[in-house]
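Residue-level structural notes
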Amino acid sequence: MTSDPQPQFVGTSTVELYRASASDLDVARAAWVSQDEAAHAKEAEAGRIEGLIRFLWRNHHTSPFEHGQFTFIVTTPLFVAREFMRHRTFSFNEISGRYTVLPDVFYLPPASRPLRQEGKVGAYRFESGSQEQVDLVRNTITANTANCYVAYHRMLDAGIAREVARDVLPVNVMTSFWATVNPRNLMHFLNLRSAPDALVEIQEVAAEMEQHFAQQMPVTHRVWREALFPS
Ligand SMILES: Cc1cc2nc3c(=O)[nH]c(=O)nc-3n(C[C@H](O)[C@H](O)[C@H](O)COP(=O)(O)OP(=O)(O)OC[C@H]3O[C@@H](n4cnc5c(N)ncnc54)[C@H](O)[C@@H]3O)c2cc1C
């Protein structure tokens, strides 16, 4: 007798930076393009681009921030991907449940994830659950996922098309997609998805993306963050 296939569980998403073509200097160069190149090259050498980037951002001159590009490979639960793909300024390509058997990996919220929703629409607070609530959530999701995963494989084994068998999978199934965006639109995404009222799981994805952004464009990142969260 063969045993039922078992799903694997993870408690986090991952973000890999596949490629970046973006720098603070590019922002400055794009802003300077209509002026005397030689004079500005000297400014760049002297490291005087921070003032310019501050001026541009403060005055909403955002087009110089649109000449770079970031490509991320995001692995996250389906319910996070669905929120992510509301951002129309990204280009996306995602793993196909029609052409592949979907990976056996599912999201299980860690015990530390806030579980209770308090307050009213537009001003919710999310609080920690009791140990009993943590156990209820984790046990229920584990059991439900295992049932769904077995049902998926039962249909595949019976010759049902992958695109039909997947209908039984829950929204905590992990998916992977490429997401390409310019720095301006990345900052818009981060404004919305790093905010404390955003879904915890998409905040985690945004935090990883922000780290890559900070590495590639440290000045722009600093200016953006200071404007977002003034001290
Ligand atoms: C906390 C939170 C809760 C949310 N809750 C819900 C919800 O309950 N239900 C729901 O449906 N959505 C919800 N959303 C999604 C939200 O309404 C937006 O669709 C999503 O955040 C993308 O924002 P955006 O349109 O500004 O970004 P993008 O799609 O990345 O667009 C960036 C900017 O480009 C411009 N733009 C892009 N496309 C157009 C266009 N067609 N016309 C005009 N301007 C355009 C706009 O200036 C826009 O701000 C929620 C988002 C957040 C952050």
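Residues numbered from 1 in each chain as written. Predicted model: local features only at pLDDT ≥ 70, side-chain atom pairs only at ≥ 80, totals over all residues. Heavy atoms only, no water.

An unreviewed UniProt entry lists the protein under the name Flavin-dependent thymidylate synthase, from Rudaeicoccus suwonensis. Under the heading Catalytic activity (unreviewed entry), UniProt records this for the protein: "dUMP + (6R)-5,10-methylene-5,6,7,8-tetrahydrofolate + NADPH + H(+) = dTMP + (6S)-5,6,7,8-tetrahydrofolate + NADP(+)". Checking UniProt for the protein, the heading Sequence similarities (unreviewed entry) contains the comment "Belongs to the thymidylate synthase ThyX family." (UniProt positions renumbered as here; feature names shortened; annotations may be inferred.)

This part takes up the overall build of the protein. Secondary structure assignment for the protein yields nine helices and eight strands. For a compact globule of 231 residues, the expected C-alpha radius of gyration is about 17 Å, and the protein comes in at 22 Å, more than 25% above that figure. Over its C-alpha atoms, taken along the principal directions, the protein stretches across nearly 80 × 45 × 25 Å. Here the protein holds 231 residues, and 35% of them are scored as buried. If you take every contact in the protein between residues at least 6 apart in sequence, the share linking residues at least 24 apart comes to 76%. Put simply, the protein shows about 13500 Å² of open surface, and 51% of that area lies on carbon and sulfur atoms. Positive and negative side-chain charges of the protein, numbering 22 and 26 respectively, have mean locations separated by a distance of 4 Å. (Helix = DSSP H or I, 4+ residues; strand = E, 2+ residues; numbered from the N terminus. Rg over C-alpha atoms; globule rule 2.2 N^0.38 Å. Buried < 20%, exposed > 50% of the residue type's maximum accessible area, 1.4 Å probe, protein only. Contact = heavy atoms within 4.5 Å. Areas by Shrake-Rupley, 256 points an atom, 1.4 Å probe, with all protein chains shown as cover. Lys, Arg positive; Asp, Glu negative; His and termini not counted. Charge placed at Lys NZ, Arg CZ, Asp CG, Glu CD.)

Taken from the UniProt record, the annotation "binding site: FAD" (unreviewed entry) applies to Ser63, Arg86, His87, Arg88, Glu94, Asn182, Pro183, Arg184 and His188. The greatest C-alpha distance among the residues just named is 28.4 Å, and with 126 residues of sequence between them they are spread in space as well. Mapped onto the elements of the fold, Arg86 is located in the loop between α4 (78-84) and β4 (91-94). Within the element layout of this structure, Arg88 appears in the loop between α4 and β4.

Let us look at the site of the ligand. Around the ligand, a shell composed of Arg86, His87, Arg88, Thr89, His188, Leu192, Arg193 and Asp197 is seen. Note that an oxygen atom of the ligand is positioned 3.1 Å from one of the side-chain N or O atoms of Thr89. Side-chain polar atom of Arg193 to an oxygen atom of the ligand: 3.5 Å apart, as the coordinates give it. The protein chains hide 45% of the 940 Å² of surface that the ligand would expose on its own. (Near = heavy atom within 4 Å. Polar contact = N/O pair within 3.5 Å; in protein donor to acceptor, adjacent residues only side chain to side chain.)

Looking now at helix α3 (residues 50-58). The complete set of buried residues in α3 reads Leu52, Ile53, Leu56 and Trp57. Relative to the axis of α3, the buried residues are bounded by an arc of 130 degrees and lie together on one face. Along its buried surface, α3 packs onto α1 (24-32), α7 (183-193) and α9 (218-228). Count one or two residues on from α3 and you reach His60, which has phi positive near 60 degrees. (Arc of directions from axis to C-beta.)

Right, let's get into the sheet that holds strand β2 (residues 14-21). Taking strand neighbours across the sheet as the criterion, the four strands line up as β2-β3-β8-β4 in an open arrangement whose pairing is antiparallel. Every interior strand has two partners, whereas the edge strands, β2 and β4, have only one. In this sheet, neighbouring strand axes are inclined to one another by 20 degrees on average, regardless of whether the strands run parallel or antiparallel. As paired elements, β2 and strand β3 (residues 69-77) share seven bridges and run antiparallel to each other. (Pairing = 2+ DSSP bridges. Axes fitted to C-alpha atoms, helices over the stretch in contact; angles between N-to-C directions.)

What follows is about the environment of Leu17. Mapped onto the fold, Leu17 is located in strand β2. Each C-alpha atom of the pair Leu17 and Val74 lies 8.7 Å from the other, and the pair is 57 residues apart in sequence. In contact with Leu17, other than residues within four places in its own chain, are Phe70, Thr71, Phe72, His212 and Gln216.

For α7, every residue scored as buried is listed here: Pro183, Asn185, Leu186, Met187, Phe189, Leu190 and Arg193. Packing partners of the buried residues in α7 comprise α3, β3, α4, β8 (174-181), α8 (200-216) and α9. Two to three positions downstream of the cap, the backbone nitrogen of Arg184 sits 3.1 Å from a side-chain oxygen, assigning the N-cap of α7 to Asn182.

Here we come to the packing of aromatic side chains. Under the definition given, this model contains 15 aromatic pairs. Both rings, one in Trp57 and one in Phe65, keep their centres 5.3 Å apart while their planes meet at 80 degrees; by these two values the pair is edge-to-face. For the residue pair Trp57 and Phe65, the accessibility class agrees, reading buried in each case. Joined through ring pairs, the aromatic side chains of Phe84, Phe90, Phe92, Phe177 and Phe189 make up one cluster. (Phe/Tyr/Trp six-rings, centres within 6.5 Å; stacked < 30°, edge-to-face > 60°.)

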